[in-house]
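# Structural description and commentary
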Amino acid sequence: MGPGDGALNTPRWLRGIWLIPLAFLLVALVVPLVMLVTRTWSGDGLRILADASTWQITSLATAQAALSTALSLLIGLPIASVVSRYSFRGRAFAQALVTVPFVMPTVVVAMAFRTLLGSSLPQGFAIVVLAHAYVNLAVVVRIVGAQWAQHDDRYLRAARSLGASRLTAFRTITLQFLRPSIISSAVVVFIFSFTSLGIIVLLGDSSTRTLESQILRRTSVLLDFPTAAALALLQLALISAVIALGAAASRQRGRQKPVRAALLPLPRGLGSRATLRLIAIAAGLIVLLPVLALLIASLRSDSGFTLQWWRSLGSVDAGTTRIGSPLASLMQSLRFALLTGVVAAIIGGCAAIAVLAHRWGRLVALFAIIPLGISAATLGLGMLLAFGRPPFDLRATGLLIPLAHSLVAVPLVVAVMAPALRGINPRIQDVAATLGARPTRAFFTAYGPTLRTVTIAAGGLACAVSLGEFGAASFLARTGAPTVPLQIVRLVSRPGELSTGVAAVMSVILIALTLALVLGVDRLGRRGNGLRTSH
Amino acid sequence: MDFALRTDRLVVGYDDWESGAIDLRVGPGMITAILGPSGCGKSTLLSTIAGIRPALSGAVIVDGVDVTQVPAHERTVGMVFQEPLLFPNYDVARNVGYGLERQGFSRSQARARALELLEWVGLAGFGDRSVDELSGGQAQRVALVRALAPQPAVLLLDEPFSALDVDLRQRLAQEVSELLRDRGVAAVHVTHDPAEAAAIADDVLNFGDISA
Amino acid sequence: MSFIKPVFLSAGLGSVLLVSACAGATTADPAPVLSGPSTVRLITHDSFVVSDSLIADLKAQTGITLEVATGGDAGQVVASAILSAGAPSGDVLFGVDNSLIAKAIDAGVFESYVSPNLGNVLPTLRDDTAEDKVTPIDYGDVCINMDEAWFAQNKIAPPRRLDDLKKPAYKDLLVVEDPATSSPGQAFMLATISRYGDSWQEYWKALRDNGVKVAGSWSEAYEGSYTAGGGNGDRPLVVSYATSPPAEIVYAADPKPTKPYSAVMTDGCYRQVEYAGVLAGTKNPAGAQTVVNWLLSPAVQADVPLSMFVFPALAGVIPPKVFADFAAPVKEPLQIPSREVAEKQTQWLDEWGQVMGR
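Residues numbered from 1 in each chain as written. Chains lettered and ligands numbered in written order. Predicted model: local features only at pLDDT ≥ 70, side-chain atom pairs only at ≥ 80, totals over all residues. Heavy atoms only, no water.

## Considering the overall build of chain A
If you tally the helices and strands in chain A, you get 23 helices and five strands. Here the contacts in chain A between residues at least 6 apart in sequence split such that 81% fall between residues at least 24 apart. Counting only carbon and sulfur atoms, one obtains 67% of the accessible surface of chain A, whose full area is about 20300 Å². (Helix = DSSP H or I, 4+ residues; strand = E, 2+ residues; numbered from the N terminus. Contact = heavy atoms within 4.5 Å. Areas by Shrake-Rupley, 256 points an atom, 1.4 Å probe, with all protein chains shown as cover.)

## Things to note about the interface of chain B and chain A
Contacts between the two partners involve 26 residues from chain B and, on the opposite side, 26 residues from chain A. Buried area between chain B and chain A, both sides added, is near 2300 Å², and the carbon and sulfur share of it is 60%. When the area that chain B buries against chain A is broken down by residue, the three leading residues are Ile52(B), His73(B) and Arg102(B), summing to 26%. Taken together, chain B and chain A are joined by zero salt bridges. Applying the counting criterion to the chain B and chain A interface returns one residue pair in polar contact (both at pLDDT 80 or more). For the side of chain B that touches chain A, the secondary-structure elements that each account for two or more residues are helix 1 (42-50), strand 8 (77-80), helix 2 (92-102) and helix 4 (136-148) of chain B. Residues belonging to the side of chain B that touches chain A are distributed by class as follows: 14 nonpolar, seven polar and five charged. (Buried area = accessible area lost by both parts, 1.4 Å probe. Salt bridge = Lys/Arg side-chain N within 4 Å of Asp/Glu carboxyl O. Polar contact = N/O pair within 3.5 Å; in protein donor to acceptor, adjacent residues only side chain to side chain. Nonpolar A, V, L, I, M, F, W, Y, C, P; charged D, E, K, R; others polar.)

## A word on the arrangement of the chains
Highest in contacts among the two pairs of chains that touch are chains A and C. The two units chain B and chain C never meet; even their closest C-alpha atoms stay 48 Å apart.

## Points about the interface of chain C and chain A
Residue-level contacts link 60 residues of chain C with 58 residues of chain A. Together, the buried faces of chain C and chain A total about 4800 Å²; carbon and sulfur atoms form 53% of this surface. Between chain C and chain A we count one salt bridge in total. Put simply, Arg217(A) and Asp350(C) hold a salt bridge, and the shortest N to O gap is 3.4 Å. In this structure, the connection of chain C to chain A is made through five residue pairs in polar contact (both at pLDDT 80 or more). Contributing elements (two or more residues each) for the side of chain C that touches chain A: helix 1 (52-62), strand 4 (64-70), helix 2 (74-83), strand 8 (213-215), helix 7 (218-225), helix 8 (244-250) and helix 12 (338-356) of chain C. Considering every element that reaches the side of chain C that touches chain A, the biggest residue donor is helix 2 of chain C, with seven residues.

## Focus: helix 2 of chain C
Most of helix 2 of chain C sits out of view: 10 of its 10 residues are buried. Turning to helix 2 of chain C, its buried residues are Ala74(C), Gly75(C), Gln76(C), Val77(C), Val78(C), Ala79(C), Ser80(C), Ala81(C), Ile82(C) and Leu83(C). (Buried < 20%, exposed > 50% of the residue type's maximum accessible area, 1.4 Å probe, protein only.)

## Focus: the domain arrangement of chain C
All names here are of chain C. Along its sequence, chain C is carved into domain 1 (34-140 + 272-322) and domain 2 (141-271 + 336-356). Between the C-alpha centres of domain 1 and domain 2 the distance comes to 28 Å. Facing 17 residues of domain 1, the contacting portion of domain 2 comprises 19 residues. Overall, the association of domain 1 and domain 2 removes approximately 1700 Å² of surface from exposure, summing both partners, and the carbon and sulfur fraction of that is 55%. One can count one salt bridge joining domain 1 with domain 2. Between Asp106 and Arg339 there is a salt bridge, and its shortest N-O distance comes to 3.1 Å. Linking domain 1 with domain 2 are six residue pairs in polar contact (both at pLDDT 80 or more), by the criterion used here. Put simply, the parts of the chain that give the side of domain 1 that touches domain 2 at least two residues each are helix 3 (101-106), strand 6 (134-147) and strand 10 (262-278). (Domains from an automatic or database assignment.)

## As for the sheet that holds strand 8 of chain B
All names here are of chain B. One open sheet accounts for five strands, arranged 8-9-10-5-11; its pairing is parallel. Looking at which strands have only one partner, the edges of the open sheet turn out to be strand 8 and strand 11 (203-206). Direction aside, neighbouring strands of the sheet carry axes that sit 20° apart on average. The pairing of strand 5 (residues 31-35) with strand 10 (residues 186-191) spans five bridges and is classified as parallel. (Pairing = 2+ DSSP bridges. Axes fitted to C-alpha atoms, helices over the stretch in contact; angles between N-to-C directions.)

## Some thoughts on the state of the cysteines
Tallying each qualifying case throughout the model produces one disulfide over all chains. The disulfide that involves Cys143(C) links it to Cys269(C), with 2.1 Å between the sulfurs. As the torsion about the S-S bond is roughly 125°, the Cys143(C)-Cys269(C) disulfide counts as right-handed. Placement of Cys143(C) in strand 6 and of Cys269(C) in strand 10 is noted, with a sequence separation of 126 residues between them. Both residues of the pair, Cys143(C) and Cys269(C), count as buried. For the unlinked cysteine Cys350(A), the closest cysteine sulfur is that of Cys463(A), found at 17 Å. The class of Cys463(A) is buried, set by a relative accessible area of 7%. (Disulfide = S-S within 2.5 Å.)

## Some points on the confidence of the model for chain A
Residues and elements named next belong to chain A. Predicted confidence across chain A gives a mean pLDDT of 81, with 90% of residues reaching 70 or more. Mean pLDDT values for the elements of chain A range from 36 in strand 5 (residues 532-533) up to 92 in helix 19 (residues 427-434). Counting interchain partners and residues more than four positions distant, the pLDDT-below-50 stretch residues 528-535 has 23 contacts. (pLDDT = per-residue confidence, 0-100.)

## Structural notes on the packing of aromatic side chains
Overall, the coordinates contain 23 aromatic pairs over all chains when judged by the stated rule. Taken together, a centroid distance of 6.3 Å and an interplanar angle of 35° make the contact between Tyr90(B) and Tyr98(B) tilted. Summarising the burial analysis for this pair, Tyr90(B) and Tyr98(B) share the class buried. Chaining the aromatic ring pairs together yields one cluster made of Tyr139(C), Tyr251(C), Phe309(C), Phe311(C) and Phe323(C). The cationic tip of Arg94(B) hangs over the ring face of Tyr90(B); the distance from NZ or CZ to the ring centre is 4.3 Å. Positioned above the aromatic ring of Trp120(B) is the side chain of Arg183(B), whose terminal nitrogen or guanidinium carbon lies 4.4 Å from the ring centre. (Phe/Tyr/Trp six-rings, centres within 6.5 Å; stacked < 30°, edge-to-face > 60°. Lys NZ or Arg CZ within 6 Å of the ring centre and 35° of its normal.)

Okay, here's the thing in structure tokens:
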């Protein structure tokens, strides 16, 4: 039961809070989309829907995304079970590390895989699935981990004492408890893989085309906007269906009560300790190997190890319009990231709170996931149309990129925050009310501490998304320094060791920056409230 | 005579269930137990009296004042729930002092008063502890003094011992009964356990009878 | 110093710009603007580079402050420009190439303007159908690059003509980019269409049977699969640019090598020309025209090779030494008229995809 369901002590503002994310989505998503579609619409575009290749691509992309999701869960769940539940040295670092692949620009991921696997790097289905699983690991670990940390072990012990085997207990108790978060992370990974672009272009072949890659091809190679608009609408419809399915599947009756997130000490038994250690090492290897490969690439030239790439950071293209200073790019990226973090945390936070407070809120929160399925090209061009004419000409303000990034990050913020907030017993609000707390005070007594922790964590994730994004951003013409991912893309697009060397250096910097950001956010989030070790 | 709590033709309900008209009378300092099987609507009645659920019809009168339209936080009704529902981010004393802070006492005044109350229920020295560190019985005791701290006119007890083991349950029921009499607080105690009802209350009603 | 004054005649044929004097002078400078200091925003692709000192000179000479706004690759820039035609986000667009130009002009992206320097552009770059709207600024050739050391080591003679690539001697040696996702990839496809006409698909079938590898992007092909691309590639032939060898030297580790790793096969090269034009709806047409002329001025044209690794469009500009030494001059570049590309591009790409199974 939520506080909105007939409870009298819901603060009035809370009942209207869904209007904030709704307004944001209307302005940043619906208006640009409608402008783009109406502006470019022509019946000719619909012809693509009758094209057999469209449906072939759709079914192949569905299979690819399903496999990517399955593999992500297969690798992500064991990691989540260790990283989010047990207290051990380096836990925070491990958790931050898992986030790194998620924010690595696809170019960097491809570069890392290539550096790692050399020219033997195969193209096609398998490598695309692997890359998607690698990139989306963090989605599973973060979303499922947050809920796993609140699992009450007593239910498990009860099941075991009733004669359930370890596996049965896990299946019937743990998985049942985790179901909503597993489904919501699976929906996110599926959508990311289904609409993937960079990895498809860089590592894919004919078997891995996505609607998204077709949309980009129609917009920026063939300049065939009607077809692009038709494909974008098709993709949007499919994604909406997936979100609706996910929402229906995660509804459940009779929930186990979550407990306050607390870390367990490592188990005593030699066997289970070894298992945990094995998982931790395997996870470390999976995440770290590509990163290490990049680090080595940043320190190597044909003739051996060198610091030359690091030293030439300041001087590459100095004195030209190509902003040579990586510092300028870093500052630009950080500025966008911070703005995105704040905007996405506020909007996504309001949406997550709306889920608790209002029937409409739940719909709005579902609606807020849709930007995940909007193609970067559609978004970029739509924003250009919507905010490119007086009186709303934002093109010169530099706000379009953070706006686009925020839109892309909001779904993740909701995905992180909503389950955590739903895990709180709404009756705590009632207790506060019977003790004389006004509705607003009662709400914050119940939800405030979690809200603080989770908003910071989700905002950090939004920052990270912004740091790594360049799909939509690349469409939005801007003056000033390019973001770090754009800079990396430019560097790898020209020959010479210097280019790849400095690109590797910038990738390493981007990874370090992400690590620092996520670590800092985790630390901030743990302060005051948050995770403690229970004994 | 003025009752501490009176309900006039009060109808409560949720979803597709609603009770009959309930006329409840609780005198000052009296403890009334309401007996009934789990899930029959007793908790809904208490929540409605506390103001966290709307009354479908009828009136709730506390100390002679009709509070049916008064929001929960302005009613002088305290409530203890089946679970302690302590605020996890506050220590024990801050939990107990919460209601006093809402009445305008400073945090330190509230804390001082909370420590006295804790001592009174045998939890001296627990003020600085985290609520995670309490046993089930201790937590429920903290929840009880937390509800009593703002000095409500009526205290509603919604099966507060149901999660505890039998031994502890009886001991605590005894303790609570004494505490309430000691302070002269009127109370409505809801339970499915006739023995517990008998041990604690002056008056035992059957929910089935009053809500028919 | 020459003085060129733009004069508009509102004749029935539309606005035509006349050059009052000194047409044909190779030292033409940007026209001074009478309206005093102003800002001009140049919309361009992410690869645009020009020396800062030239932007400072522009300001000193004309009072114009140049703002450079980048918006993705050439295709993305043109797509954005088409959708905001009439309400542009800047004043000048640079970087639209000959495969996109027809669609951009048809969409009304550009205002009519003929640069007084147009007469000094290399005759081979001029395109009658686009001349009243856009001005050629630079060009580059997409050619097969060859790892010379590899061929020497393996005692195989490097290929010399497009036809050679079908031969068994070059089986499994070539990597190309997917024309659907990569600009040089598309240029190479167009080169084969230009060369082989209706039988171009046969050529690709032969390439396919000879083990050609298709990469998604230039960097995947060059850095990932090419033996001389710095990675661990296994293909000594790659579709790249005629200017890749000098770029190899400029962007090499210190100490710079004396000779590039790659040689260029000068047969079967496709010529890409990049244009600049005044965006329709600009608030500052005079400033925009000045910037187009500035792009075609000798100083900027001399800067273009080492900044962007392309050749200047202006006749008579002396290339830098590293270009003179290592950039391969292509005598007979292949080209397809822009309008034909616009009409048949989709069909060609589909056909290519069918042949190659992509």
